[in-house]
Amino acid sequence: MASLLLHGPASSEVLIRAEQVSLKLASMKARVRLSDIDHADQEDGEITRLISSMGEHVLMSVTAIDSIRDGGTCSVVRILAGSNEDVYRLLHFCLKPCSSRLGGLEPYKERIHSSKTVRQKVGVDVQAIKNIPASEGRKDGLEPIVREHKHNVHQRMLAEELANRLIFGEKIPVFSRDAWFRLCTLSDSALPVGSFAHSQGIEAASQMGLFESDEDSPLALASFLRSLSRSSAQFATPMILAGYSLLSSSARDNVDLSQIKNLWVELDARADTRLRSNGPSRRASMDQGLGLIRVSPSFNHQHCRWSELFEMIRSSIDTPSGNDASSFGHSALIYGILCASLRVSPIDSCRVYSFGATRDAMSAAVRLN
């Protein structure tokens, strides 16, 4: 895979070529308008020859991002292919207009060693998997997930100890059992926090034909959900722990609430930077964050200090301009703060958040069925 960050007038031709190829590839999987691209491609057929030279498993997207600093826009091009040479082909095609600025050198041209990528059928032999005895263990499906959880009990205990020491130091508090019940309530799909705001990529994967085969689709879906859960945990865990540490440190050091809010605004801006290139995920994160803010009084009605903090965070999100810095309200940070106010352990907070992302994706898959 590869990514391109395009900004400025010199990148306009690169952006046009990237958009043309992206739409042409998407037309092979879904219905899109291709009138402008077909007209441009009829002149020399360069895009058609490019696509015919690549393998089957090639995806490409172009995302426009508003620039806060100068008010302009920049674009992120993402390329995913089963062959490195196909990645080089796309990079060479998109960056070819830059050759005039590089003394005639065409970027990535020397990396392309063949005229065409050999197309291979990539799939799973479902019948062979079913015939493997249970004692030997299957190579795909849900069984390895269960075995992996049993095998990694010691690693999970180490992760829990590390998370506790990272936030609390040597004085690790005793976590409330009642808080665990409240966290179960918080993770309930019926709670109005915008759980259906984002399908976690299930709908896009379905439209791209990743679950087309009736035999392969259960295994493909299980593999997708497993990767999704890991990706969600890797992305959200640092932000959850950062939000968690805001409240744990303030309770220990008696920090003023306005200072906590200012630190939260800074962390929230960093979270927004990480999500800028993914519009749907960014909007879903903000929607779910506002939902968590709305339900927070029902969990913290007995603690006036934390209720006041959540009200300050909400007013910061609602402030479009003025003396107070406006913020975005991304869900992972707010979730960490809320879990800290409920005295749930940090590692349990991260686990339940990842569970929620996987649950939402599974719900989207059920709705598509």
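Parameters and conventions
Residues numbered from 1 in each chain as written. Predicted model: local features only at pLDDT ≥ 70, side-chain atom pairs only at ≥ 80, totals over all residues. Heavy atoms only, no water. Pairing = 2+ DSSP bridges. Helix = DSSP H or I, 4+ residues; strand = E, 2+ residues; numbered from the N terminus. Axes fitted to C-alpha atoms, helices over the stretch in contact; angles between N-to-C directions. Contact = heavy atoms within 4.5 Å. Phe/Tyr/Trp six-rings, centres within 6.5 Å; stacked < 30°, edge-to-face > 60°. Buried < 20%, exposed > 50% of the residue type's maximum accessible area, 1.4 Å probe, protein only. Lys NZ or Arg CZ within 6 Å of the ring centre and 35° of its normal. Core = buried A, V, L, I, M, F, W, Y, C linked by side-chain atoms within 4.5 Å. Expected span 1.5 Å × (residues − 1). Bend = angle between axes of the 7 residues up to and from the residue. Salt bridge = Lys/Arg side-chain N within 4 Å of Asp/Glu carboxyl O. Disulfide = S-S within 2.5 Å. pLDDT = per-residue confidence, 0-100. Patch = residues over 30% accessible without salt bridge, like charges linked within 9 Å, V, L, I, M, F, W, Y side chains within 5 Å. Areas by Shrake-Rupley, 256 points an atom, 1.4 Å probe, with all protein chains shown as cover.

(A) Examining the sheet that holds strand S2 (residues 58-66) more closely. Taken together, three strands build an open sheet; the order of strands is S1-S3-S2 and the sheet is antiparallel. Whereas interior strands pair on both sides, the edge strands pair on one side only; in this sheet they are strand S1 (2-7) and S2. Between one strand axis and the next, the sheet turns through 15 degrees on average, direction left out of account. One ladder, built from six bridges, connects S1 with strand S3 (residues 73-81); its direction is antiparallel. Of the residues in S3, the one forming a bridge with Leu-6 is Ser-75. Against the sheet, helix H1 (residues 12-27) engages S1, S2 and S3, with an angle of about 130 degrees to S2.

(B) Main features of the packing of aromatic side chains. In this structure the tally under the stated criterion is two aromatic pairs. Ring centres of Tyr-88 and Tyr-108 lie 6.0 Å apart, and the angle between their planes is 15 degrees; on these two criteria the pair is classed as stacked. With Tyr-88 in helix H4 (residues 84-95) and Tyr-108 in the loop between H4 and helix H5 (126-131), this pair connects stretches of sequence that are 20 residues apart. Exposure remark for Tyr-108: the relative accessible area of 29% places this residue in the partly exposed category. Between the aromatic rings of Tyr-335 and Tyr-353, the centroid separation amounts to 5.1 Å while the plane-to-plane angle is 70 degrees, which identifies the pairing as edge-to-face. One end of the pair, Tyr-335, is in helix H14 (residues 331-341); the other, Tyr-353, is in helix H15 (residues 346-368), and 18 residues separate them in sequence. For the pair Tyr-335 and Tyr-353, a shared accessibility class is recorded, and that class is buried. Positioned above the aromatic ring of Phe-93, the side-chain terminus of Arg-17 is 4.1 Å from the ring centre. Cation over ring: Arg-111 sits above Tyr-88, and NZ or CZ is 5.2 Å from the ring centre.

(C) Here's a closer look at the nonpolar core. Core analysis: the largest hydrophobic core is formed by 37 residues, its most contacted members being Leu-186, Trp-264, Leu-309, Tyr-335 and Ile-337. Going through the elements one at a time, helix H8 (177-186), helix H10 (217-253), helix H11 (257-275), helix H12 (279-299), helix H13 (304-318), H14 and H15 are the ones with two or more residues in this core. Looking at which element gives the most residues to this core, the answer is H14, with eight residues. Look past the residues within four positions of Leu-186 in its chain and what remains in contact with it is Leu-191, Leu-292, Phe-299, Tyr-335 and Leu-338. In this structure, Val-21, Leu-90, Phe-93 and Leu-95 belong to the second largest nonpolar core, which totals 22 residues.

(D) Representation of the pairing of S3 in the model. As judged from the nine bridges shared by S2 and S3, these two strands associate in the antiparallel manner. Residue pairing across strands places Met-60 opposite Ile-79, the latter belonging to S3.

(E) Summary view of H12. With 21 residues, H12 extends 30 Å between its outermost C-alpha atoms, agreeing within 8% with the 30 Å of an ideal straight helix rising 1.5 Å per residue. At Ile-293, H12 is deflected by roughly 25 degrees, the largest bend along its length, and proline Pro-297 occurs up to four residues later in sequence.

(F) A look at the pattern of salt bridges. In total, this model carries nine salt bridges according to the counting rule given. Residues Glu-266 and Arg-270 are paired through a salt bridge, measuring 3.1 Å at the closest nitrogen-oxygen approach. In this pair, Glu-266 and Arg-270 are both assigned in helix H11, four residues apart and thus about one turn of the helix distant. Given a relative accessible area of 53%, Arg-270 falls into the exposed group. Connected through salt bridges with shared partners, the residues Arg-17, Glu-46 and Lys-96 form a single ionic network.

(G) Representation of the state of the cysteines. Applying the stated criterion to the full structure yields zero disulfides. Here Cys-94 is not cross-linked by a disulfide; its sulfur's nearest cysteine counterpart is in Cys-98, at 9.9 Å.

(H) Region of interest: unusual backbone geometry. Even without glycine at this site, Tyr-108 takes up a positive phi of about 70 degrees. The phi angle at Arg-343 is positive, at roughly 60 degrees, despite the residue not being glycine.

(I) Representation of the confidence of the model for the chain. Confidence in the prediction of the chain, expressed as mean pLDDT, is 76, and 68% of residues score 70 or more. Least confident of the elements in the chain is H5, whose mean pLDDT is 46; most confident is H4, at 91. Segment residues 135-142 is flagged for pLDDT under 50; beyond a separation of four residues in sequence, or across chains, it makes 14 contacts in the model. Here residues 321-325 is modelled with pLDDT under 50, and outside its nearest four sequence neighbours on either side it reaches four contacts, counting other chains as well.

(J) Seen up close, H1. Taking 1.5 Å of rise per residue, 16 residues should cover 22 Å, and H1 covers 23 Å from first to last C-alpha, within 8% of that figure. For H1, the complete set of buried residues consists of Val-14, Arg-17, Ala-18, Gln-20, Val-21, Ser-22, Lys-24 and Leu-25.

(K) Local environment of the environment of Gly-291. With respect to the helices and strands, the residue Gly-291 is situated in helix H12. Looking at Gly-291, the relative accessible area reads 0%, which means it is buried. C-alpha separation for the pair Gly-291 and Gly-329, spaced 38 residues apart in sequence, amounts to 9.8 Å.

(L) Spatial organisation of a nonpolar patch on the surface. Together, Met-1, Leu-59 and Leu-80 give the surface a local cluster of nonpolar side chains, amounting to about 310 Å² of exposed area. Among the secondary structure elements, Leu-80 is positioned in strand S3. A relative accessible area of 45% places Leu-80 in the partly exposed class.

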